[in-house]
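# Secondary and tertiary structure notes
Chain residues, written in single-letter form:
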Amino acid sequence: KTPVLNKKVLLTVFCVIILAEIIWAGWVFYGTKSQPSRSTTVQERPTQIELQTDQSQVKVGDQFTVSINVSSSKETDGTDLIISFNPKLLSAQPVSQTSLYNDYPVNKIDTSGKITVSGISTGTSGIVPNGLFGTVVFTALSPGQAAITLDFAPGSTVDTNVIERGSGQDVLENVKNLNVTIIP
């Protein structure tokens, strides 16, 4: 009787284990399907770039810093900036870069008052930019109203843009420029 009893016990234990595995597999397969994925709970926000300074008025000879902030809920391959300013009113230093993107291969200023800078993702995945892209230090040269603007046309990839990962599309929707009053 002992070998038969052992076979029955082993068969019962085996069946319980198989039943438990079937229940677990069903829970994993069907139970997780009803839960919302993380990507559907992320709130979409417009992709924008904003120029900011804490000084709206400066004196000739003063230096002031402009922060460049990028915000998006989309995964991106890179951001290109073309910042324009009047070189008779302002001079600029190259953009001080941050770690928002992995690489900044372009960072130049020309004599006509254009700053060109690019930040790109060099990894296997894109970057969801949300923070400080960089800063620019300007020096006030002469009195006047100095506009500091991002060259931007929606959908264009030859101006200031934010390029979506995988599609190559410009997803930049809005820019915020600034004006600084320079007094003698």
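Because the structure is predicted, anything quoted here is derived from the model rather than measured. (Residues numbered from 1 in each chain as written. Predicted model: local features only at pLDDT ≥ 70, side-chain atom pairs only at ≥ 80, totals over all residues. Heavy atoms only, no water.)

## As for the pattern of salt bridges
In the structure shown here, the tally under the stated rule is two salt bridges. Between arginine 165 and aspartate 77 there is a salt bridge, with its nearest N and O atoms 2.5 Å apart. With arginine 165 in the loop between β11 (161–164) and β12 (174–176) and aspartate 77 in strand β4 (residues 76–84), the pair connects residues that are 88 residues apart, well separated along the chain. Owing to a relative accessible area of 30%, arginine 165 belongs among the partly exposed residues under this scheme. Its salt-bridge partner being aspartate 151, residue lysine 114 comes within 2.8 Å of it at the nearest N-O pair. One end of the pair, lysine 114, is in strand β8 (residues 114–120); the other, aspartate 151, is in the loop between β10 (144–150) and β11, with 37 residues separating them in the sequence. A relative accessible area of 22% places aspartate 151 in the partly exposed class. (Salt bridge = Lys/Arg side-chain N within 4 Å of Asp/Glu carboxyl O. Helix = DSSP H or I, 4+ residues; strand = E, 2+ residues; numbered from the N terminus. Buried < 20%, exposed > 50% of the residue type's maximum accessible area, 1.4 Å probe, protein only.)

## Focus on the packing of aromatic side chains
For any pair of aromatic rings, the description consists of the separation of the ring centres together with the inter-plane angle of the planes. Throughout the structure, instances matching the rule amount to four aromatic pairs. Between phenylalanine 85 and phenylalanine 138 the ring centres are 5.4 Å apart and the planes differ by 80°, which places this aromatic pair in the edge-to-face class. Taken together, the residues span a long stretch of sequence, with phenylalanine 85 in the loop between β4 and β5 (90–92) and phenylalanine 138 in strand β9 (residues 130–140) at a distance of 53 residues. For phenylalanine 85, a relative accessible area of 8% puts it in the buried group. You can call phenylalanine 138 buried: its relative accessible area is 1%. (Phe/Tyr/Trp six-rings, centres within 6.5 Å; stacked < 30°, edge-to-face > 60°.)

## Some points on the nonpolar core
Core analysis: the largest hydrophobic core is formed by 33 residues, its most contacted members being Ile49, Ile68, Leu90, Phe133, Phe138 and Ile148. Mapped by element, the contributors of at least two residues to this core are β1 (48–52), β3 (63–71), β4, β8, β9, β10 and β13 (178–183). (Core = buried A, V, L, I, M, F, W, Y, C linked by side-chain atoms within 4.5 Å.)

## Comments concerning the side chain of aspartate 170
Relative to the helices and strands, aspartate 170 is located in the loop between β11 and β12. Of the side chains with opposite charge, lysine 74 lies nearest to the buried aspartate 170, which makes no salt bridge, at 10 Å. For aspartate 170, the side chain forms a polar contact with the main-chain nitrogen of leucine 172, separated by 3.0 Å. In this view, aspartate 170 contacts Phe152, Ala153, Gly155, Ser156, Thr157, Asp159, Thr160, Asn161, Val162 and Ile163; residues no more than four positions away in its chain are not counted. (Lys, Arg positive; Asp, Glu negative; His and termini not counted. Polar contact = N/O pair within 3.5 Å; in protein donor to acceptor, adjacent residues only side chain to side chain. Contact = heavy atoms within 4.5 Å.)

## Focus on the pairing of β13
Residues Leu178, Val180 and Ile182 line the buried face of β13, whereas the alternating positions Asn179, Thr181 and Ile183 sit on a face that is not buried. Here strand β2 (residues 57–59) runs beside β13; their pairing, made up of three bridges, is parallel. Bridge pairing in β13 places valine 58 opposite isoleucine 182. In terms of strand pairing, β10 meets β13 through five bridges, oriented antiparallel. Paired with glutamine 145 across the bridge in β13 is threonine 181. (Pairing = 2+ DSSP bridges.)

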